[in-house]
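Examination of the molecular architecture
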2 protein chains.
Amino acid sequence: MSILVVGSVAYDDITSPSGSVQNILGGAATYFSLAASYFTQVRVVAVVGDDFGPEQERVFHRHSIDTRGIERANGKTFRWGGTYAGNLNEAKTDFTDLNVFEAFHPQIPKEYNDTEFLFLANIQPTLQANVRREMKQVRLTGCDTMNYWINRTPKELAETLKLVDVLLINDTEAKMLAGETNLPRAANKVLAMGPRALVIKHGEYGATIFFREDAFGAGGRPFRAPALPLEEVTDPTGAGDSFAGGFMGYLASQKELNREVLKRALFYGSVMGSFAVERFGTERLQGLTRAEVDARFQVFRELTHLE
Amino acid sequence: MSILVVGSVAYDDITSPSGSVQNILGGAATYFSLAASYFTQVRVVAVVGDDFGPEQERVFHRHSIDTRGIERANGKTFRWGGTYAGNLNEAKTDFTDLNVFEAFHPQIPKEYNDTEFLFLANIQPTLQANVRREMKQVRLTGCDTMNYWINRTPKELAETLKLVDVLLINDTEAKMLAGETNLPRAANKVLAMGPRALVIKHGEYGATIFFREDAFGAGGRPFRAPALPLEEVTDPTGAGDSFAGGFMGYLASQKELNREVLKRALFYGSVMGSFAVERFGTERLQGLTRAEVDARFQVFRELTHLE
């Protein structure tokens with residue numbers, strides 16, 4: 001099965017305690033599609049500028065990622081600069097130049113119409129909703145969002161949430177969206193807004209998936225996947241999008257979508273997030289093999305598995 | 001097998017969003033021994049004042065806890081008052097009246113000399129070390145400490161750490177003790193100070209046990225137990241001591257101490273911590289059955305178990 005991701009492609013300048021890099025390929029759709037490519041065929045809808053060339057395109061093509069949905073616009077590609085200090089949990093944004101991304105209106109190529117899995121990366125909620133409505137054959141939609149949209153466009157976001165199956169956000173975003181400090185209570189409130197399942201990412205502590213009572217045969221019982229305790233975190237950029245890529249990519253590779261499959265997907269999300277942060281940008285995600293992915297899956301399983 | 005705990009018995013005044021209680025039985029040794037009593041025979045060394053009567057003693061005796069080591073001193077029992085607000089993660093201390101606890105010098109009754117498992121709750125490190133040296137037949141020693149001792153008595157604490165097998169502390173304490181912000185690197189530094197295993201408690205995210213390469217046949221591979229996502233937290237007081245009671249109590253009930261047993265102990269610790277916070281003080285820990293404990297163990301197992 002194939003999966004379509006709609007989101008940003010960007011150039012990033014990143015500084016962390018491990019060093020500095022400039023003009024490296026980034027953006028949510030890039031991290032997502034590379035991570036998902038280890039599981040399934042990936043299609044991308046995004047916008048780039050004149051400065052996006054064959055070298056960048058080859059990164060996608062080496063992973064058999066379909067780039068026909070990457071629109072070329074006049075101007076520069078989205079650029080972001082950020083600095084991580086101390087415990088690496090949060091980036092200080094040095095600059096955000098939206099450039100061609102500012103006027104991004106996702107255009108879905110006709111050839112993508114039969115896509116059955118859809119991931120709406122973090123863009124304006126109404127754009128997310130429009131894409132979802134256009135894709136008539138989608139079986140499962142995943143969605144990301146952020147504090148900015150939760151605060152600025154709550155009505156639009158509420159409309160989008162009615163259209164998605166799985167929302168993937170972090171603790172802070174879940175509590176803010178629900179207006180509730182207790183995590184399971186926040187989860188129940190978010191599930192009442194539309195999604196059948198909610199993945200809450202806890203950073204270095206892993207992630208929990210909460211289910212609606214009637215969804216995926218899960219009987220509303222949550223499930224938690226750990227994160228690997230990592231001694232070396234080089235660059236946390238894209239960890240959440242890589243998580244989403246592993247999670248959604250694995251789902252798109254499966255025939256049935258039941259609780260057991262969603263549990264494994266949560267582990268694969270955690271696995272891909274853990275790879276992403278080992279090197280700057282997408283370097284680690286570009287050079288993996290499926291065998292390495294599955295070996296780390298076993299390490300994660302052993303980390304919480306009782307005989 | 002029996003286990004000896006050395007620590008505080010106290011009266012607490014607690015306020016949380018769920019209400020207020022005064023003069024309820026508390027203290028690290030109380031929470032620990034009640035939690036451990038579901039697994040093994042418990043002995044207590046502590047000090048109380050004139051205000052500790054038969055009613056309080058019956059709480060211990062109903063759980064077959066041996067109180068011959070609870071010394072009666074002239075004066076009042078240790079009193080603590082605290083308030084929890086918002087997300088319940090941290091108490092604001094309203095008052096600390098050490099009273100008879102200020103001059104606490106643990107006296108081990110002769111009848112306790114054959115104890116094979118020892119838990120040194122959070123008291124001055126030199127007192128902890130003295131108890132450990134006195135107990136000649138101990139097979140495994142667990143130990144707690146806190147920021148106060150890490151900052152004020154680092155040398156004394158370093159001596160104590162050489163004598164203990166398992167240290168149980170939280171993320172902040174581990175990072176402070178190691179002078180290191182990365183958790184697995186902090187764990188390695190703490191293990192180099194003496195303990196063969198280190199349990200780091202992550203609050204609502206569970207706990208991770210790190211092992212020295214040569215310890216418990218674990219090959220240095222860490223293990224993580226989840227915490228139950230709880231919708232209702234009434235009173236977090238004693239959660240860490242209850243965790244330690246479940247962890248150490250389960251170990252004391254086992255013949256062999258290998259990685260698999262320590263993994264299960266970590267789950268039982270998480271289970272007892274989750275019960276403790278459901279009601280004020282020790283109320284929930286007083287009224288459990290072993291069947292309820294094992295039922296929640298299965299819930300926790302299912303929370304992270306892949307088929």
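Residues numbered from 1 in each chain as written. Chains lettered and ligands numbered in written order. Predicted model: local features only at pLDDT ≥ 70, side-chain atom pairs only at ≥ 80, totals over all residues. Heavy atoms only, no water.

Thoughts on the relation of the copies chain B and chain A
Mapping chain B onto chain A calls for a rotation angle of 180° and an axial translation of 0.0 Å; the resulting RMSD is 0.0 Å. Both chain copies can therefore be described as sitting about a two-fold axis. When you check the interface residues of chain B against chain A, 100% turn up at the interface there too, and the contact is symmetric in its surfaces. (Least-squares fit on C-alpha atoms with pLDDT ≥ 70 in both. Contact = heavy atoms within 4.5 Å.)

Concerning the packing of helix H9 (residues 259–276) of chain B against helix H11 (residues 290–304) of chain B
Residue and element names in this part refer to chain B. Where H9 meets H11, the axes come as close as 9 Å, and the angle between the chain directions of the two elements is 110°. On the basis of their axis angle, the class for H9 and H11 is roughly perpendicular. For the pair H9 and H11, the sense of crossing is right-handed. Across the interface between the two elements, Arg 264, Phe 267, Tyr 268, Ser 270, Val 271, Met 272, Ser 274 and Phe 275 from H9 touch Arg 290, Glu 292, Val 293, Asp 294, Arg 296, Phe 297, Phe 300, Arg 301 and Thr 304 from H11. For the contact of H9 with H11, a count of residues per class yields eight nonpolar, three polar and six charged. (Axes fitted to C-alpha atoms, helices over the stretch in contact; angles between N-to-C directions. Helix = DSSP H or I, 4+ residues; strand = E, 2+ residues; numbered from the N terminus. Parallel < 35°, antiparallel > 145°, perpendicular 65-115°, else oblique. Left-handed = near helix turned anticlockwise from the far one by under 90°. Nonpolar A, V, L, I, M, F, W, Y, C, P; charged D, E, K, R; others polar.)

Details of the sheet that holds strand S5 (residues 66–72) of chain B
Residue and element names in this part refer to chain B. The nine strands are arranged S5-S4-S1-S8-S9-S10-S11-S12-S13 in an open sheet whose pairing can be described as mixed. Strands at the two margins of the open sheet, each flanked by one partner only, are S5 and strand S13 (223–225). Neighbour-to-neighbour, the strand axes of this sheet turn through a mean angle of 15°, independent of strand direction. Of the strand pairs in this sheet, strand S1 (residues 2–6) and strand S4 (residues 41–48) are connected by five bridges, and their pairing is parallel. Within S4, the position partnered with Leu 4 by the bridge is Arg 43. In the packing of helix H8 (residues 239–252) onto the sheet, contacts are made with S1, strand S8 (117–120), strand S9 (140–143), strand S10 (166–170), strand S11 (197–201) and strand S12 (207–211), and the angle to S8 comes to roughly 165°. (Pairing = 2+ DSSP bridges.)

Points about the pairing of strand S5 (residues 66–72) of chain A
All names here are of chain A. One ladder, built from five bridges, connects strand S4 (residues 41–48) with S5; its direction is parallel. Directly across from Arg 43, in S5, lies its bridge partner Asp 66. The parallel pair S4 and S5, bridged by helix H2 (residues 54–61), forms a crossover whose chirality is right-handed. (Right-handed = clockwise from strand over helix to strand, strands pointing away.)

Here we look at the packing of aromatic side chains
Residues and elements named next belong to chain B. This model, assessed by the stated rule, comprises 25 aromatic pairs over all chains. Note on Phe 267 and Phe 297: the rings are 5.8 Å apart at their centroids and 50° apart in plane angle, and the pair reads as tilted. On the criterion of sequence distance, the pair formed by Phe 267 in helix H9 and Phe 297 in helix H11 is long-range, its members being 30 residues apart. We classify Phe 297 as buried; its relative accessible area is 1%. Directly above the aromatic system of Phe 275 lies the positively charged group of Arg 296, at a separation of 3.9 Å from the ring centroid. (Phe/Tyr/Trp six-rings, centres within 6.5 Å; stacked < 30°, edge-to-face > 60°. Buried < 20%, exposed > 50% of the residue type's maximum accessible area, 1.4 Å probe, protein only. Lys NZ or Arg CZ within 6 Å of the ring centre and 35° of its normal.)

Some remarks on the interface of chain B and chain A
At the interface, 38 residues of chain B touch 38 residues of chain A. Area buried by chain B at its contact with chain A is led by B:Tyr205, B:Arg224 and B:Leu306, which between them contribute 24% of it. Our enumeration of links across chain B and chain A arrives at six salt bridges. With its nearest N and O atoms 3.5 Å apart, the salt bridge here joins B:Arg259 to A:Glu302. For the pair chain B and chain A, the number of links is 25 residue pairs in polar contact (both at pLDDT 80 or more). (Buried area = accessible area lost by both parts, 1.4 Å probe. Salt bridge = Lys/Arg side-chain N within 4 Å of Asp/Glu carboxyl O. Polar contact = N/O pair within 3.5 Å; in protein donor to acceptor, adjacent residues only side chain to side chain.)

Concerning the pattern of salt bridges
Within the structure shown, the criterion is met by 40 salt bridges over all chains. Put simply, A:Glu292 and A:Arg284 hold a salt bridge, and the shortest N to O gap is 3.7 Å. Across the salt bridge formed by B:Glu159 and B:Lys162, the nearest N and O atoms sit 3.1 Å from each other. The partly exposed category is assigned to B:Glu159, whose relative accessible area is 38%. The class of B:Lys162 is exposed, set by a relative accessible area of 54%.

Observations concerning the confidence of the model for chain A
The predicted model of chain A averages 95 in pLDDT, with 100% of residues at 70 or higher. At the level of chain-chain contacts, confidence expressed as ipTM amounts to 0.89, with global pTM at 0.93. (pLDDT = per-residue confidence, 0-100.)

Quick word on the packing of helix H6 (residues 171–178) of chain B against helix H7 (residues 183–191) of chain B
Residue and element names in this part refer to chain B. Contact geometry of H6 with H7 gives a least axis separation of 9 Å together with a crossing angle of 60°. The angle between H6 and H7 places the two elements in the oblique class. The hand of the H6/H7 crossing is left-handed. Taking contact as the criterion, the partners of Asp 171, Ala 174, Lys 175, Leu 177 and Ala 178 in H6 are, on H7, Leu 183, Ala 186, Lys 189 and Val 190. Split by residue class, the contact of H6 with H7 holds six nonpolar, no polar and three charged.

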